Amino acid sequence: MIDLTDHTPLRKSRNYLIFQHPDRQDALLKVRADVPVRDHWIPRYAEWRYGNLRQWNREANEYLAALHRCCPEIERLAHFMGYAPTSLGPALVVEKMTGPDGDLAPTVYKEWMSLKEDPAGRKRLGEEFMELLDDLERGRIIVGDMSHENIVRAEERGGKLVVIDGLGERVLFPLALFSDWAFRKSMQRRRERMGSMFGIRS
Ligand SMILES: Nc1ncnc2c1ncn2[C@@H]1O[C@H](COP(=O)(O)OP(=O)(O)OP(=O)(O)O)[C@@H](O)[C@H]1O
Ligand SMILES: [Mg+2]
């Protein structure tokens, strides 16, 4: 078990305390910090078996499927490195993406905000986001939650945009998982939505 007693988290997010992995410079430990909520009076199977860790199953599953397909686009994802028990509870082990200063990589949200006075920079960022969507579509990788805080610019990928969270389909009937048509349709909708947000045409 990894003892995190004397460690301060690098970041606290809605769901996680995020620590530097004590034995691996290139990895982070993400410990759940949210209070488990019971969704149903009679818990569903996944809830009963995995509690508030059930979301990890879906994320690891999508990563595993991408590994199985050997798609080069998997490099658009922070590498999934497994799970680990810690003194603060179960942790997700994930590749640490960094920025030029060696700190945690800047999120697209942060970059977008810093480009307030730079419309050309914002347009470029939008185009890079679209390229990320193209790659994910080519690799048939499903990202359910592509919010701006789940995408970072990583030195480890030569400064390209990388997904660090939100992998897998979150709906009860994951149509996009089985139907190529539904998958492409959902990507098209996302492209249109994001395109108008970034002020570019898809
Ligand atoms: N692998 C990683 N490499 C670099 N930074 C990371 C990594 N994972 C998380 N972070 C940083 O921590 C922040 C929060 O992480 P994450 O998105 O996984 O948690 P969360 O936002 O609580 O989850 P959710 O998106 O479900 O709300 C990210 O926005 C990012 O800045
Ligand atoms: Mg997130």
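Use the structure listed above.
Residues numbered from 1 in each chain as written. Chains lettered and ligands numbered in written order. Predicted model: local features only at pLDDT ≥ 70, side-chain atom pairs only at ≥ 80, totals over all residues. Heavy atoms only, no water.

S.K.: Would you mind showing me how to read helix α4 (residues 119–138) here?
M.R.: Two residues of an α-helix separated by three or four positions point the same way, owing to the 3.6 residues in each turn. Its 20 residues place the ends of α4 29 Å apart at the C-alpha level, agreeing with the 28 Å of an ideal helix rising 1.5 Å per residue. Within α4, the full set of buried residues consists of Gly121, Arg122, Leu125, Gly126, Phe129, Met130, Leu132, Leu133, Asp135, Leu136 and Glu137. Each element contacted by the buried residues of α4 is listed here: α3 (108–114), β6 (151–154), β7 (160–163) and α6 (180–198). Backbone geometry just after α4 places Arg140 at a positive phi near 55 degrees. (Helix = DSSP H or I, 4+ residues; strand = E, 2+ residues; numbered from the N terminus. Expected span 1.5 Å × (residues − 1). Buried < 20%, exposed > 50% of the residue type's maximum accessible area, 1.4 Å probe, protein only. Contact = heavy atoms within 4.5 Å.)

S.K.: Any chance you could explain a negative patch on the surface here in plain terms?
M.R.: Residues Asp101, Asp103, Glu155 and Glu156 make up a contiguous surface patch of negative charge. As for its position among the elements, Asp103 is in the loop between β5 (89–95) and α3. Assessed through its relative accessible area of 47%, Asp103 is described here as partly exposed. (Patch = residues over 30% accessible without salt bridge, like charges linked within 9 Å, V, L, I, M, F, W, Y side chains within 5 Å. Areas by Shrake-Rupley, 256 points an atom, 1.4 Å probe, with all protein chains shown as cover. Salt bridge = Lys/Arg side-chain N within 4 Å of Asp/Glu carboxyl O. Lys, Arg positive; Asp, Glu negative; His and termini not counted. Charge placed at Lys NZ, Arg CZ, Asp CG, Glu CD.)

S.K.: Help me understand the packing of aromatic side chains in this model?
M.R.: Ring pairs (aromatic) are described by centroid distance and by the angle formed between their planes. For the structure shown, the criterion picks out six aromatic pairs. Ring centres of Phe80 and Tyr83 lie 5.3 Å apart, and the angle between their planes is 70 degrees; this geometry places the pair in the edge-to-face category. Judged by centre distance (5.2 Å) and plane angle (45 degrees), the ring pair of Phe129 and Phe198 falls under tilted. Here Phe129 is found in helix α4, whereas its partner Phe198 is found in helix α6, with 69 residues between them in sequence. Within the aromatic cluster, the residues linked to one another by ring pairs are Trp56, Tyr63, Phe80 and Tyr83. Stacked on the ring of Tyr16, the Lys or Arg Lys30 has its end atom at 5.2 Å from the ring centre. Seen from the ring of Trp112, Arg122 lies directly overhead, with NZ or CZ sitting 3.9 Å from the centre. (Phe/Tyr/Trp six-rings, centres within 6.5 Å; stacked < 30°, edge-to-face > 60°. Lys NZ or Arg CZ within 6 Å of the ring centre and 35° of its normal.)

S.K.: Looking at this structure, I do not really get the coordination of the magnesium ion (ligand 2). What am I missing?
M.R.: Note on metal geometry: ideal angles are 109.5 degrees for four donors arranged tetrahedrally and 90 or 180 degrees for six donors arranged octahedrally. Donor atoms from the polypeptide that coordinate the magnesium ion (ligand 2) comprise Asn150 (OD1) and Asp165 (OD), at 2.1 to 2.4 Å from the metal. With a gap of 15 residues between them, Asn150 in the loop between α4 and β6 and Asp165 in the loop between β7 and α5 (175–178) connect regions that are remote in the sequence. (Donors = N, O, S within 2.8 Å, 3.2 Å for Na, K, Ca; no water.)

S.K.: What should I look at first to understand the pattern of salt bridges in this one?
M.R.: Where charged atoms from two side chains of opposite charge come close, those side chains can pair. For the structure on display, the rule yields 14 salt bridges. Arg138 is the partner of Glu73 in a salt bridge, and the nearest nitrogen-oxygen pair spans 3.9 Å. Here Glu73 is found in the loop between α2 (54–69) and β4 (80–86), whereas its partner Arg138 is found in helix α4, with 65 residues between them in sequence. Take Arg138: its relative accessible area is 57%, and that puts it in the exposed class. Notably, a salt bridge pairs Glu137 with Arg191, separated by 2.9 Å at the nearest N-O pair. In this pair, Glu137 sits in helix α4 while Arg191 sits in helix α6, placing the two residues 54 residues apart along the sequence. Its relative accessible area of 13% is what places Glu137 among the buried residues. A network of salt bridges, in which partner residues are shared, links Asp134, Glu137, Arg140, Asp180, Arg184 and Arg191.

S.K.: Please explain the side chain of Arg122 as it appears in this structure.
M.R.: Position of Arg122 relative to the elements: it lies in helix α4. Buried charge without a partner: Arg122 forms no salt bridge, and the closest opposite charge is Asp118, 8.2 Å away. For Arg122, the side chain forms a polar contact with the main-chain oxygen of Trp112, separated by 2.9 Å. Once residues lying within four places of it in the same chain are set aside, the contact partners of Arg122 are Trp112, Met113, Leu115, Lys116 and Phe198. (Polar contact = N/O pair within 3.5 Å; in protein donor to acceptor, adjacent residues only side chain to side chain.)

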